[in-house]
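# Per-entry structural report
Take a look at the letters that make up each chain.
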Amino acid sequence: MNDIQFAFVDESGDYSFDFENNNISTHFIIVAILAKESKKEWLEQEVEKVRQKYFQTEEMQSDKIDDSHLRIQLLNELKDLPFNIYAYVVDKRKIREDSGITFEKTFIKYMNRLIFDDLNRTFQQLDLVLVEQESKEFMTEFKTYITEKSIPDLFNYTTFGFNNSTSEILLQLANLIAGTIAKGYDQTQYSEHYLLFNKIIKKKIIAINLWPQNYKNYLHDYISRNQDSMFDEVIFKQSVNLTIQYLEKNKKSEDLDEKIRIDFLKFLLFNVRENPNEYVFTQEILDNLNAIRVNKINQHYFRSNIVSKLRDSGLLIASSNRGYKLPVCLSDLYDFVNLSSLTIHPMIQRISKCRNQILLATNNEIDILENNEYEYLKKIIEMEKLKVN
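A short tour of the structure in this document, coming up. These figures come from a predicted structure and were not determined experimentally. (Residues numbered from 1 in each chain as written. Predicted model: local features only at pLDDT ≥ 70, side-chain atom pairs only at ≥ 80, totals over all residues. Heavy atoms only, no water.)

## Section: the overall build of the protein
Within the protein one finds 14 helices and 8 strands. By its C-alpha atoms, the protein is 90 × 55 × 45 Å across when sized along the principal axes. Across the 389 residues of the protein, 51% fall into the buried class. In the structure as shown, the protein presents an accessible area of about 20900 Å², 50% of it carried by carbon and sulfur atoms. (Helix = DSSP H or I, 4+ residues; strand = E, 2+ residues; numbered from the N terminus. Buried < 20%, exposed > 50% of the residue type's maximum accessible area, 1.4 Å probe, protein only. Areas by Shrake-Rupley, 256 points an atom, 1.4 Å probe, with all protein chains shown as cover.)

Dropping the structure here:
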């Protein structure tokens, strides 16, 4: 029997574009707390213990936490519990006025469709639970939109939609996480402690989807802090833009491998925004990808069917003995070349030795590289011989 996956959803920010008003948020953020049915009851109990410890009789709400040290304590107590985070961060300032969606009603409808399409593509089955308040118009509209799209079965159960599930305490957890993410993006809530907040919950995050999709959203202040090469921004822009283009081109694909590639690229984009200089170990990536999958993928499958195919498509993915990342500077590309050369050169040498043995044994009558498809290998080996001589 499938272990039902729940998504407890809340928002941070508002829908206004009147940025001359200092109280208007620069970003609109949606957070889904993902939890399996088998872990839901225990998760509720543990989160409730944390709420009682720090809030007594009050709700655990992000806007009630003024002390950054208290937020750090909360996150540390919650970080090992069985839930994951899937989020959207919309920079309203980067939405063009001529796009037609800088009006509150239009913005809400557009985001309804955008988020539904992404969630529906990412999760084959999802039991949604939303915060329902009059002040949260997006949530009301979102529930209506999904209800119209969902198709119930004979038992009136929808594999993607609302099935009258609820959990007040896990919705409070979604509120806490939404407010925490806002500390790193929204200029009205920004905190200098956000990098520490992020470090604590990083392994819980499956994806933070930034919108609009533009490399400058990921650039952050990286270039201003890193002037090692005049080509850094060119490399950064190319690697991120190629990734965004691939996501846009393949976002509607129903191929299972393609869905994994898309989720992997989303993870790399999140990492390049938060930690542009850091590689992510393969196991951490697999833990992230497998968190929302019934059929788990292993390292061999990941390297041969996911990473290799993306590189075959022309995407820039750097790798080293520390894992994978999107390249943001020249040294990242050298890491990839150096790691690849450790494999490529020995393999060419082995092919060359095998070829020589067969040529010797057959008095030069059989050349295993004679076929046209091996012409490039033959040329490489012959060039290596010339260098030695």
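## Examining helix 2 (residues 68-78)
Taken residue by residue, helix 2 has Ser 68, Leu 70, Arg 71, Ile 72, Leu 74, Leu 75 and Leu 78 as its buried positions. Two or three places before His 69, at the opening of helix 2, Asp 67 has a side-chain oxygen 2.9 Å from that residue's backbone nitrogen. (Polar contact = N/O pair within 3.5 Å; in protein donor to acceptor, adjacent residues only side chain to side chain.)

## What to know about the packing of helix 10 (residues 256-274) against helix 12 (residues 299-312)
Contact geometry for helix 10 and helix 12: axes closest at 10 Å, N-to-C directions at 75°. Taken together, the axes of helix 10 and helix 12 are roughly perpendicular relative to one another. Two secondary-structure elements touch here, helix 10 through Asp 257, Ile 260, Arg 261, Phe 264 and Leu 265 and helix 12 through Tyr 301, Phe 302, Asn 305, Ile 306, Val 307, Lys 309 and Leu 310. In terms of residue class, the contact of helix 10 with helix 12 is made up of 8 nonpolar, 1 polar and 3 charged. (Axes fitted to C-alpha atoms, helices over the stretch in contact; angles between N-to-C directions. Parallel < 35°, antiparallel > 145°, perpendicular 65-115°, else oblique. Contact = heavy atoms within 4.5 Å. Nonpolar A, V, L, I, M, F, W, Y, C, P; charged D, E, K, R; others polar.)

## Quick look at the sheet that holds strand 6 (residues 205-211)
Here we have 6 strands laid out as an open sheet, ordered 5-4-1-2-3-6, and mixed in their pairing. Two strands close off the open sheet at either side, each with one partner strand: strand 5 (160-161) and strand 6. As paired strands, strand 3 (residues 84-91) and strand 6 are joined by 6 bridges and run parallel to one another. Across the sheet, Tyr 88 pairs through a bridge with Asn 209, a residue of strand 6. Its contacts with the sheet put helix 10 on strand 3 and strand 6, and the angle it makes with strand 6 is roughly 75°. (Pairing = 2+ DSSP bridges.)

## Considering the packing of aromatic side chains
Applying the stated criterion across every chain, the model contains 16 aromatic pairs. An angle of 70° between the planes, with centres 5.2 Å apart, marks the rings of Phe 28 and Phe 138 as edge-to-face. Within this pair, whereas Phe 28 is found in strand 2 (residues 27-36), its partner Phe 138 is found in helix 4 (residues 137-149), the two being separated by 110 residues in sequence. Classification of Phe 138 as buried rests on a relative accessible area of 1%. What links up through ring pairs into an aromatic cluster is the set Tyr 15, Phe 17, Phe 19, Phe 28, Phe 107, Phe 138 and Phe 142. Sitting over the ring of Phe 17, Lys 92 keeps its end group 5.8 Å from the ring centre. For the cation-ring pair, Lys 204 lies above Phe 83, with the distance from its terminal atom to the ring centre recorded as 4.8 Å. (Phe/Tyr/Trp six-rings, centres within 6.5 Å; stacked < 30°, edge-to-face > 60°. Lys NZ or Arg CZ within 6 Å of the ring centre and 35° of its normal.)

## Here's the deal with the pattern of salt bridges
Scanning all chains against the criterion turns up 23 salt bridges. Ionic pairing is found between Lys 136 and Asp 10, a salt bridge with its closest N-O pair at 2.6 Å. Here Asp 10 lies in strand 1 (residues 5-12) and Lys 136 lies in the loop between strand 4 (126-130) and helix 4, a separation of 126 residues in the sequence. The same class applies to Lys 136 as to Asp 10, namely buried. Note that Asp 332 and Lys 325 form a salt bridge whose closest N and O atoms lie 2.7 Å from each other. (Salt bridge = Lys/Arg side-chain N within 4 Å of Asp/Glu carboxyl O.)

## With respect to the nonpolar core
Counting 45 residues, the largest nonpolar core has Ile 85 and Ile 181 as the members making the most contacts within it. Breaking this core down by element, the ones donating at least two residues are strand 1, strand 2, helix 1 (37-55), helix 2, strand 3, helix 5 (168-185), helix 6 (194-201) and strand 6. For this core, the leading source of residues is helix 5, giving 11 residues. Aside from chain neighbours lying at most four places away, what touches Ile 85 is Val 31, Ala 32, Ile 33, Ile 177, Ile 181, Ile 201, Lys 204, Ile 205, Ile 206 and Ala 207. Val 9, Ile 206, Ala 207 and Ile 292 belong to the second largest nonpolar core, which has 34 residues in total. (Core = buried A, V, L, I, M, F, W, Y, C linked by side-chain atoms within 4.5 Å.)

## Some thoughts on helix 1
When the terminal C-alpha atoms of helix 1 are compared, their 26 Å separation across 19 residues agrees well with the 27 Å that a helix rising 1.5 Å per residue should span. Along helix 1, the helix axis deviates most sharply at Leu 43, where the bend reaches about 25°. Those residues of helix 1 that fall on the buried side of the exposure criterion are Lys 40, Leu 43, Glu 44, Glu 46, Val 47, Val 50, Arg 51, Tyr 54 and Phe 55. Here the buried face of helix 1 lies against strand 1, strand 2, helix 2 and helix 5. (Expected span 1.5 Å × (residues − 1). Bend = angle between axes of the 7 residues up to and from the residue.)

## Things to note about a nonpolar patch on the surface
Taken together, the side chains of Ile 358, Ile 366 and Ile 368 present a nonpolar region at the surface, about 210 Å² in accessible area. Mapped onto the secondary structure, Ile 358 falls in helix 13 (residues 330-361). (Patch = residues over 30% accessible without salt bridge, like charges linked within 9 Å, V, L, I, M, F, W, Y side chains within 5 Å.)

## Quick notes on the side chain of Ser 319
Looking at the element boundaries, Ser 319 is found in strand 7 (residues 318-320). Among the residues examined, Ser 319 registers a relative accessible area of 4% and is labelled buried. In terms of polar contacts, Ser 319 uses its side chain to reach the side chain of Arg 311, at 2.9 Å. With residues near it in sequence (within four places) discarded, Ser 319 still touches Tyr 279, Arg 311, Tyr 324, Asp 335, Phe 336 and Leu 339.

## Points about the pairing of strand 1
In the case of a regular strand, side chains alternate between the two sheet surfaces. Burial within strand 1 is extensive, with 8 of its 8 residues counted as buried. Here strand 1 pairs with strand 2 via 8 bridges, running antiparallel. Within the sheet, the bridge partner assigned to Glu 11 lies in strand 2 and is Ile 30. The sheet contact formed by strand 1 and strand 4 spans 4 bridges and is parallel. Along strand 4, the bridge assignment pairs Val 9 with Leu 130.

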